[in-house]
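What follows is each chain in one-letter form.
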Amino acid sequence: MDYETALDVIADVQGSGVDLGPANPTYPDFPLDEYRLRYARLGTLLEHLGLEALVLTQEEPVKYLSGYNSVIWAVGRWLPTTMIATPDPADAVLIPSAFDVGAVAGTSWISNVDGHQAPEEIPSKVAGHLDRLGIDRSKVAVETGPGSIVMLPYTIARELMGLFPPDATDAAQVMSVLRMQKSPAEVERVRTIVSATVAGYRAGLEGARLGMTEKDVVALVAQGIYANGGTAGTRPLFLNAVAGPDRYPLVDTAASDRVLREGDVMFLDGGAGGDGYMSDIIRLLAFGEITSDQEQYANVAADATRAMVDAARPGTKASELYQAGQDVFAAAGLGDHGGSLSGHGIGLEIWERPLLKVHEDPSEDVALRAGMTLCLEPILAPPDDSGGLAGIFVFEQQVLITPGGNEVLSGALDAELWRVA
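Right, let's walk through the structure included here.

Each value, and the rule that gives it
Residues numbered from 1 in each chain as written. Predicted model: local features only at pLDDT ≥ 70, side-chain atom pairs only at ≥ 80, totals over all residues. Heavy atoms only, no water. Helix = DSSP H or I, 4+ residues; strand = E, 2+ residues; numbered from the N terminus. Rg over C-alpha atoms; globule rule 2.2 N^0.38 Å. Buried < 20%, exposed > 50% of the residue type's maximum accessible area, 1.4 Å probe, protein only. Contact = heavy atoms within 4.5 Å. Lys, Arg positive; Asp, Glu negative; His and termini not counted. Charge placed at Lys NZ, Arg CZ, Asp CG, Glu CD. Salt bridge = Lys/Arg side-chain N within 4 Å of Asp/Glu carboxyl O. Pairing = 2+ DSSP bridges. Axes fitted to C-alpha atoms, helices over the stretch in contact; angles between N-to-C directions. Parallel < 35°, antiparallel > 145°, perpendicular 65-115°, else oblique. Left-handed = near helix turned anticlockwise from the far one by under 90°. Phe/Tyr/Trp six-rings, centres within 6.5 Å; stacked < 30°, edge-to-face > 60°.

Some words on the overall build of the protein
The helix and strand tally for the protein stands at 11 helices and 16 strands. Relative to its length of 421 residues, the protein is compact, with a C-alpha radius of gyration of 23 Å against a globular reference of 22 Å. The principal-axis extent of the C-alpha atoms belonging to the protein is close to 70 × 40 × 40 Å. Relative to its full complement of 421 residues, the protein shows a buried share of 57%. Residue pairs in contact within the protein that sit at least 24 positions apart in sequence constitute 69% of those at least 6 positions apart. Here the protein contributes 29 positively and 58 negatively charged side chains, and the mean placements of these two sets differ by 3 Å.

Describing the pattern of salt bridges
In the structure shown here, the tally under the stated rule is 23 salt bridges. Among the salt bridges present, the one from R179 reaches E352, with a minimum N-O distance of 2.8 Å. Residue R179 is located in helix α7 (residues 171-180), and its partner E352 is located in strand β12 (residues 352-357); the two are separated by 173 residues in the primary sequence. As far as burial versus exposure is concerned, R179 and E352 are alike and both buried. Salt bridges linked by common partners bring R179, K182, E349 and E352 together as one network.

Structural notes on the sheet that holds strand β7 (residues 265-271)
The sheet built from 4 strands is open, its strands ordered β6-β7-β10-β16 with mixed pairing. Single-partner strands in this sheet number two, and they are β6 (238-243) and β16 (418-420). Taken pair by pair, the neighbouring strands of this sheet meet at an average axis angle of 20 degrees, ignoring direction. Bridge count for β6 against β7 is 6 bridges, and the pairing is antiparallel. Residue pairing for β7: A241 is matched across the bridge by L268. Packing of helix α8 (residues 184-207) onto the sheet brings it into contact with β6, β7, β10 (281-287) and β16, and relative to β10 it is tilted by some 10 degrees.

So, the packing of helix α1 (residues 3-10) against helix α2 (residues 32-49)
The contact between α1 and α2 brings their axes to 9 Å, and the two run at 135 degrees. Comparing the axis directions of α1 and α2 gives the class oblique. With respect to the hand of their crossing, α1 and α2 are arranged in right-handed fashion. Seen from α1, the contacting residues are T5, A6, V9 and I10; seen from α2, they are R41, T44, L45 and H48.

Re the environment of P314
With respect to the helices and strands, the residue P314 is situated in the loop between α10 (292-311) and α11 (318-331). Aside from chain neighbours lying at most four places away, what touches P314 is L368, A370, I401, T402, P403 and G405.

Let's talk about the sheet that holds strand β3 (residues 93-95)
Taken in spatial order, the 5 strands line up as β4-β3-β2-β1-β5 in an open sheet, and their pairing is mixed. The sheet is open, and its two borders are formed by β4 (112-113) and β5 (140-142), each paired with just one other strand. Taken together, the 3 bridges between strand β1 (residues 53-56) and strand β2 (residues 82-85) define a ladder with antiparallel strand orientation. Opposite L54, over in β2, you have A85 as the bridge partner. Taken strand by strand, helix α3 (residues 59-66) contacts β1, β2 and β3, and its axis lies near 50 degrees from that of β2.

What about the pairing of β2?
Burial along β2 is two-sided: T82 and I84 and M83 and A85, pointing in opposite directions, are all buried. Two strands pair when backbone bridges link them, and β2 and β3 are joined in this way by 3 bridges, in the antiparallel orientation. When the bridges of β3 are listed, I84 appears paired with V93.

A few points about the environment of A412
For A412, the location among the structural elements is in the loop between β15 (405-408) and β16. Judged by its relative accessible area of 55%, A412 is exposed. Separated by 217 residues in the primary sequence, A412 and S195 place their C-alpha atoms 8.3 Å from one another. Those residues in contact with A412, other than ones at most four positions away along the chain, are V198 and R202.

Description of the packing of aromatic side chains
Evaluation of the coordinates by the stated rule reveals 5 aromatic pairs. With 6.2 Å between their ring centres and 85 degrees between their planes, F30 and Y277 make a pair best called edge-to-face. Taken together, the positions of F30 in the loop between α1 and α2 and Y277 in strand β9 (residues 277-278) put the pair 247 residues apart, joining distant regions of the chain. Here the two residues F30 and Y277 agree in accessibility, since each one is buried. Taking 5.5 Å as the distance between ring centres and 50 degrees as the angle between the ring planes, the aromatic pair formed by Y68 and W73 counts as tilted. Among the aromatic residues, those joined into a ring-pair cluster are F30, Y35 and Y277.

Here's what the structure looks like:
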């Protein structure tokens, strides 16, 4: 996939002339003009790629194109949904569980709804609709690559995939092109959940005390997020916290009952969902007196994040943005301790393209464009004198790329070491 060319192809597409058909959902997730725009871009992209359809089974791409919005997605392994996305929206087909056709009718613009009584029916239904529409199966993209998975039981997924050539185009790449740049309506949702997450983090960071546990601090953050705009749905709150030398190597684990002690540097990472869109930020909290090395590492990590923020503007490549943070680590003599990934796109999922790293595949090294929402997180993980980790030092900021540079959506929360005296 040549992402740059594909992004150029859809850059000026307008959706005002798209006819979504007769369905008139009572509670659409977005105004229908949003789906007209998305579908117009999809049709243009499919034509550019020589494709006749996508077959999708995951919540995010199906919801993005169809609007189908239901908490059934949270138990999707039992009640899965498949979508056939065609260039003409009149031909698009949604195959949900018959159990949930009411939610489809209330939220989705798609008129061709073929509910299944059991997931085993899905492959034959997909095959039947493709044949009815005269679609060449060699020109169908399916979910095969990193960032995607066929959300069906193994035997059913195998049968579905058997409908298509082994070298079928990866539908996740196609959807990444559509989703990398957010519409104004999407940006507002991202902005709202980031604001809620900032408020929750502030409650946790300001309320933390020696003698509390990691779980106690996370609970304060969670309460603050939901009190300020986080919403219940299929996008759960996710937070991990580690504090102290015994916990630093477990960097991505959930918060524990470990008591917070003098000298701990607590790593707090995560966010939540708000009307389907995600937040993700990191802050560090020092309990009492920490070592001079830890103070230095925190300062260098903060400088690296600021350098990435300064470099985040249209035209900067993903690898160049990554390198901006690594250059700060190198200048401080810590270049061997930086991570190989320094951020990612974010939207309906926590990780989306582009990934901020050095890419082996040059097509993944896209230039930033206005409307992209990114998380910038240059990670510094230096050793201590005993050979363990001195800590995980990173301050993650969530940003929006604007025509003239960027807006730091999480900027209301200081990206520097917070302290508990």
